[in-house]
Amino acid sequence: MTAQIIDGKAFAETVREKVAAHVARLKEVHNITPGLAVVLVGEDPASQVYVRNKGKQTVECGMNSYEHKLSADTSEADLLALIEQLNADPAVHGILVQLPLPDHLDSDLVINSIDPAKDVDGFHISNVGLLGTGQKSMVPCTPLGCLMMLRDQLGSLSGLNAVVVGRSNIVGKPMAQLLLRDSCTVTIAHSRTKDIEEVCRRADILVAAVGRPEMIKGSWVKPGATVIDVGINRVEAPEKGLREDGTVKTKLVGDVEFDSAAAVAGAITPVPGGVGPMTIACLLANTVTAACRAHDLPEPDGLTA
Ligand SMILES: Nc1nc2c(c(=O)[nH]1)N[C@@H](CN(C=O)c1ccc(C(=O)N[C@@H](CCC(=O)O)C(=O)O)cc1)CN2
């Protein structure tokens, strides 16, 4: 294995330390405590874990955490009423609705009902438009985390060929916008892309965000490339044996076949322990940024795009 492993867990820790330091200053100098409201609808087990971790890390950084757990059959009207209440609450600087939402709720409608200034996920249509036109916006957490790791690894990204595999609104598209803003030559590849392996092999920066376990093989990676794996896929791992109930144990893998890619790449993020921890760290960073903007105060250095 030749690639340097980019330690997202350690990097996220440094981001959280910066957040905590800025929160302490906001409290001491301005008597402001940033507040993050997280809304969870339903009982999806993975979402419950993410929401618990968000609340815990928010408090650990010195901010206020407001958790709203709603039953899976919550009506759209009730959810929109809660968001309206949070929009109006001056103690709440950031609002996040955990995705995915149950099928009967219209995610676009719900996200677009959040005050764009409090939209710490950066998913509101106004923030999408601002990012796309190079204006100040809230930046989606996962792509922001990827960008921070890339800048830390490579310094200037200017002129590099970047290929983003995946065109989701949450990761692929905003990731491409951020790379373009850093003057990369950007290609978005997806399920219909012709010669996708060849397209990927041209990438100095390869970001995998397709949600297909180990789709991208080492033979798709340009020697020395920086590979960012956004995928979090739970797959059966017969090599780990059986659980007590007789079912096969599972493990997490990314969208990149790690061993073969690490043999070729210059640097690569692992799964777990790569992009995932940066997602929550960047959410905390966005919350401090939102609080600073709400009070017309200078934003923290190095925590925005
Ligand atoms: N409103 C949002 N919903 C969702 C987002 C989001 O950014 N905003 N992203 C994902 C889930 N997510 C945060 O919400 C998230 C995913 C993964 C991790 C993480 O730390 N993963 C670990 C592995 C965890 C495990 O063992 O399962 C890792 O990769 O090391 C954090 C946050 C969808 N919904």
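Residues numbered from 1 in each chain as written. Predicted model: local features only at pLDDT ≥ 70, side-chain atom pairs only at ≥ 80, totals over all residues.

An unreviewed UniProt entry annotates the protein chain as Bifunctional protein FolD of Celeribacter ethanolicus. The UniProt entry for the protein chain carries the following comment under Function (unreviewed entry): "Catalyzes the oxidation of 5,10-methylenetetrahydrofolate to 5,10-methenyltetrahydrofolate and then the hydrolysis of 5,10-methenyltetrahydrofolate to 10-formyltetrahydrofolate." (UniProt positions renumbered as here; feature names shortened; annotations may be inferred.)

Asker: Any chance you could explain the packing of helix α6 (residues 141-154) against helix α7 (residues 172-181) here in plain terms?
Answerer: For any two helices packed against each other, one specifies the inter-axial angle together with the distance between the axes. Where α6 meets α7, the closest approach of the two axes is 8 Å, and the angle between their N-to-C directions is 35°. Judged by the twist between their axes, the crossing of α6 over α7 is right-handed. Contacts from Pro143, Cys146 and Leu147 of α6 reach α7 at Pro174, Met175 and Leu178. Looking at the contact of α6 with α7, its residues break down into six nonpolar, no polar and no charged. (Axes fitted to C-alpha atoms, helices over the stretch in contact; angles between N-to-C directions. Helix = DSSP H or I, 4+ residues; strand = E, 2+ residues; numbered from the N terminus. Left-handed = near helix turned anticlockwise from the far one by under 90°. Contact = placed C-beta atoms within 7 Å. Nonpolar A, V, L, I, M, F, W, Y, C, P; charged D, E, K, R; others polar.)

Asker: It is not clear to me how the UniProt feature "domain: Tetrahydrofolate dehydrogenase/cyclohydrolase NAD(P)-binding" (unreviewed entry) in the protein chain should be interpreted in this structure. Could you clarify?
Answerer: Within the UniProt annotation, "domain: Tetrahydrofolate dehydrogenase/cyclohydrolase NAD(P)-binding" (unreviewed entry) is assigned to residues 140-293. Taken end to end, residues 140-293 is 35% helix and 18% strand, and its two terminal C-alpha atoms sit 17 Å from one another.

Asker: Please clarify how the domain arrangement of the protein chain should be interpreted in this entry.
Answerer: In many reports, interface size means the accessible area that the parts give up when they come together. Split by domain assignment, the protein chain resolves into domain 1 (30-118) and domain 2 (141-278). Computed from C-alpha atoms alone, the centre-to-centre distance between domain 1 and domain 2 is 28 Å. (Domains from an automatic or database assignment.)

Asker: Got a minute to help me understand the packing of helix α2 (residues 45-60) against helix α10 (residues 275-294) in this structure?
Answerer: Here α2 crosses α10 at 50°, and the two axes come no closer than 10 Å. With respect to α10, the axis of α2 lies oblique. Two packed elements cross with a definite hand, and for α2 against α10 that hand is right-handed. Taken together, the residues of α10 that come into contact with α2 (itself represented by Asn53, Lys54, Gln57 and Thr58) are Ile280, Leu283 and Leu284. The residue makeup of the contact of α2 with α10, split by class, is three nonpolar, three polar and one charged. (Parallel < 35°, antiparallel > 145°, perpendicular 65-115°, else oblique.)

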